[in-house]
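# Residue-level structural notes
What follows is the residue order along each chain.
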Amino acid sequence: MLLSVLRENSGEYAGLFSRAKAEVGHAECLCRTPAQRLVIRCSRAGRYHLAGWPSEGEQHEAACSFHKLAPGLSGREAYSAEAIREGDNGVSIRLEAILARSLTEPRTAKASVEQREGRSRRAVGLLGLLHWLWEESQLTAWHPRWRRRNWWICHARLRQQIETCFINQDPANTALYIVPPFHRDTADQNIAAFEAFKARLGRHGPKEHRGLILGEIKAVTPTQYGARYALAHQRAPIFASAALDERVRRSCRHVFAEAGTGHDARRVGLFLVEVSRKGHVTIVDMAAMLLSRLYIPADSSHEVAMCNALADHGRAFIKPVRYDGIDAVFPDFVLTDVPNAYVEVYGIRGHEDYEKRKRAKQAHYQRQGAELIEWEVAEPMPDLSKRYGRGQTR
Ligand SMILES: [Zn+2]
C-alpha cells in the first residue's frame, strides 16, 4: 500500500494498524528486500502513524520516506534518552527553554539540565529542535525523484512530524505554530489559527505561557526598539529587541550575512515568543538556519550554491545537521545515489586550524576509500555529475 494513501486515510485503516500492532508488533516498508521494520504509533487522539525503526534508517532505499543517514552522521547522537525520548505514543522532547512558568512557585534554576558536552545533553536547545524537526521530516535530504519542494510541502511534513510529538509535556501542535502556506481560500482560517495560538500565550491562571513559531524569514527591518521579522505566508510580523537582534546576528552570522541572501538562499527561524501588553508577539529567543532553494540546510552561502548545483545535476544527497553541538564535525554533504561518497566545500584559505582540519578530513576519507568531491570556493565548481568508476565507488 502506498504510504501517502495510508497517511491521508489513517482513520479508514485504523483496524489494519491496530491489528498489525497487536499481532506483529510492527509494520513493514517494502522499499527494499528484505522488508524493513517500521514503528506503529498511536497518538493520544487515536490516530495511527508510521515511523522509521530507531537507528535503521540507513537500510531504507535513498528515496524512501524512512531513509536516514547512519546515526554517526547526526548531531542527535549527543542527547541522552531523557532529552529526546521515543515511545509507542510518539516522541517527547525536553526543551531547554521554559514554555510554561508557574507564577506561584519560586523560579527554579535550570542549570541542572545543562550538561552541555559529550553524548549526554539532557535537554534540547532551539537550534537542536529546529534541526531535529528538519531531519525527522526528511527536509535535510534531496532526491531527484521528489521533483519539487516548496513551503507547502515543508509545512505538511513538519505538521505530520509534530502530530505525535510532545515538547516539555505539551502536545507539540499546540506549543508550536508552524506558519501555514498562504492560500486565498484558507486565509481566514489561518488568521484564526494564529489568533488561537496567540490567545494561549501570556498569563492564564497560575501560569505564564510562551510559545514557539516556525516560519520562513522574508525580511528583517530595523524598528525604533529593535527589529521586525516579516515571515513568508504570514501577515502579522513578530518583533525582537535590539539586544536580541544583535546577539542573533552575531551568533548566526552566516544566516544573516549579505552574501547569504543571494544564490537562491532561504532562511528559516524557530522563535520562542511571548505576547506584549499591547498584543504584539515578541521574540524572547530564536534559532535560524540558512537554506538552499529546496529548503535544505547549508552552513554558508557557498554551501547554498553547492546544494543548488547538486540538485541541478540530479544528485541525491543529505546535509548532516549538528543540532546544538557546535564542535561536531560532519561531511558538508553526503551523496546517497552512490555508496560512500561525500562533498566538502572549502571556504576559508590560509587559516592554519582550518587547513589542518581539512587535511585530517581528506586523510579520513582516503582511509575509508570514499569518493570525495571537493570545492575550493575560489576555483570553479567541480564536475558534479554522477560518474561510476570515479575514486573507489564501483
Ligand atoms: Zn523504506
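Read on for an overview of the structure. Numbering of residues starts from 1 in each chain and follows the order in which that chain's sequence is written. Local features in this predicted model are restricted to residues whose pLDDT is 70 or higher, and side-chain atom pairs enter the listing and the counts only when it is 80 or higher, whereas totals over whole chains, interfaces and linings include all residues.

## Topic: the overall build of the chain
Scanning the chain from terminus to terminus reveals 10 helices and 22 strands. Radius of gyration: over C-alpha atoms. The globule rule applied is 2.2 Å multiplied by the number of residues raised to the 0.38 power. A globule of 394 residues ought to have a C-alpha radius of gyration of about 21 Å, and the chain, at 22 Å, matches this closely. When the backbone C-alpha atoms are referred to their principal axes, the chain occupies close to 65 × 60 × 45 Å. Counting the 394 residues in the chain, one finds 34% classified as buried. What counts as a contact is two residues whose backbone-derived C-beta atoms lie within 7 Å of each other. Sequence separation of at least 24 residues holds for 58% of the intrachain contacts in the chain that already meet a minimum separation of 6. The way it works is that DSSP assigns letters per residue, a run of H or I at least four long becomes a helix, a run of E at least two long becomes a strand, and they are numbered from the N terminus. Around each residue's C-beta, the other C-beta atoms within 10 Å are counted; 20 or more make the residue buried, 12 or fewer make it exposed, and counts in between make it partly exposed. All C-beta atoms are placed from the backbone.

## Description of unusual backbone geometry
As a rule of thumb, non-glycine residues mostly have phi less than zero, and peptide bonds are mostly trans rather than cis. That bond from Thr-33 to Pro-34 is cis: its omega, -5°, falls within 30 degrees of zero. Structurally, the position occupied by Pro-34 is in the loop between strand S1 (27-29) and strand S2 (36-42). Backbone geometry at Asn-168 places phi at a positive 45°, although glycine is not the residue there. With respect to the helices, strands and loops of the structure, Asn-168 is situated in the loop between strand S8 (165-167) and strand S9 (170-171). Assessed through the 17 C-beta atoms surrounding it within 10 Å, Asn-168 is described here as partly exposed.

## Some thoughts on the pairing of strand S14 (residues 226-231)
Following DSSP output, two strands are said to pair if at least two bridges run between them. Alignment of strand S13 (residues 211-222) against S14, held across five bridges, turns out to be antiparallel. Residue pairing for S14: Thr-221 is matched across the bridge by Arg-228. Hairpin connection from S13 to S14: three residues lie between these consecutive antiparallel strands. Relative to strand S15 (residues 238-241), S14 runs antiparallel, the two being bridged by four bridges. Counted as the bridge partner of Arg-228 is Phe-239 from S15. The antiparallel pairing of S14 with S15 creates a hairpin that spans six residues between the two strands, and His-233 there sits at a positive phi of about 70°.

## Re the pairing of strand S16 (residues 266-275)
Counting buried positions along S16 yields eight of 10 residues, so the element is predominantly enclosed. Relative to strand S17 (residues 281-291), S16 runs antiparallel, the two being bridged by 10 bridges. Bridging from a neighbouring strand, Val-275 pairs with Val-281 of S17. Following S16, the chain reverses through five residues before pairing antiparallel with S17; Gly-279 in that reversal takes a positive phi of roughly 90°.

## Some remarks on the environment of Lys-386
In this structure, Lys-386 sits in the segment after strand S22 (371-376). A C-alpha to C-alpha distance of 9.9 Å links Lys-386 and Ala-316, two positions 70 residues apart in sequence. Not counting the four nearest positions on each side in its chain, Lys-386 is found in contact with Arg-315, Asp-337 and Val-338.

## Details of the sheet that holds S2
Spatial ordering of the open sheet is given by S1-S2-S3, a layout of three strands whose pairing is antiparallel. At either end of the open sheet lies a strand with only one pairing partner, and these are S1 and strand S3 (48-52). Strand-to-strand, the axes of this sheet are offset by a mean angle of 40°, without reference to chain direction. In terms of strand pairing, S1 meets S2 through three bridges, oriented antiparallel. Within S2, the position partnered with Cys-29 by the bridge is Gln-36. Only C-alpha atoms enter the line fits that serve as axes; for helices the fit covers just the stretch in contact. Angles between N-to-C directions range over 0 to 180 degrees. Lying on the sheet, helix H2 (residues 14-23) is in contact with S1, S2 and S3; it crosses S2 at an angle near 115°.

## Structural notes on the environment of Gly-369
When you line up the elements, Gly-369 lands in the loop between helix H10 (352-368) and S22. A tally of 10 C-beta atoms within 10 Å means that Gly-369 is categorised as exposed. In sequence terms Gly-369 and Asn-340 are 29 residues apart; their C-alpha atoms lie 8.0 Å from each other.

## Brief notes about the sheet that holds S8
Strand order in the open sheet formed by four strands is S4-S5-S8-S9, with mixed pairing between adjacent strands. If you trace the sheet from one side to the other, it starts and ends with strand S4 (84-87) and S9, each paired once. Alignment of S8 against S9, held across two bridges, turns out to be antiparallel. For Phe-166, the partnering residue across the bridge sits in S9 and is Pro-171.

## Observations concerning the environment of Thr-164
As for its placement among the helices and strands, Thr-164 is situated in the loop between helix H4 (151-162) and S8. A sequence separation of 121 residues divides Thr-164 from Ser-43, and the C-alpha atoms of the two residues are 5.4 Å apart. Excluding its chain neighbours within four sequence positions, the residues that come into contact with Thr-164 are Arg-41, Ser-43, His-49, Asn-89, Gly-90 and Val-91.

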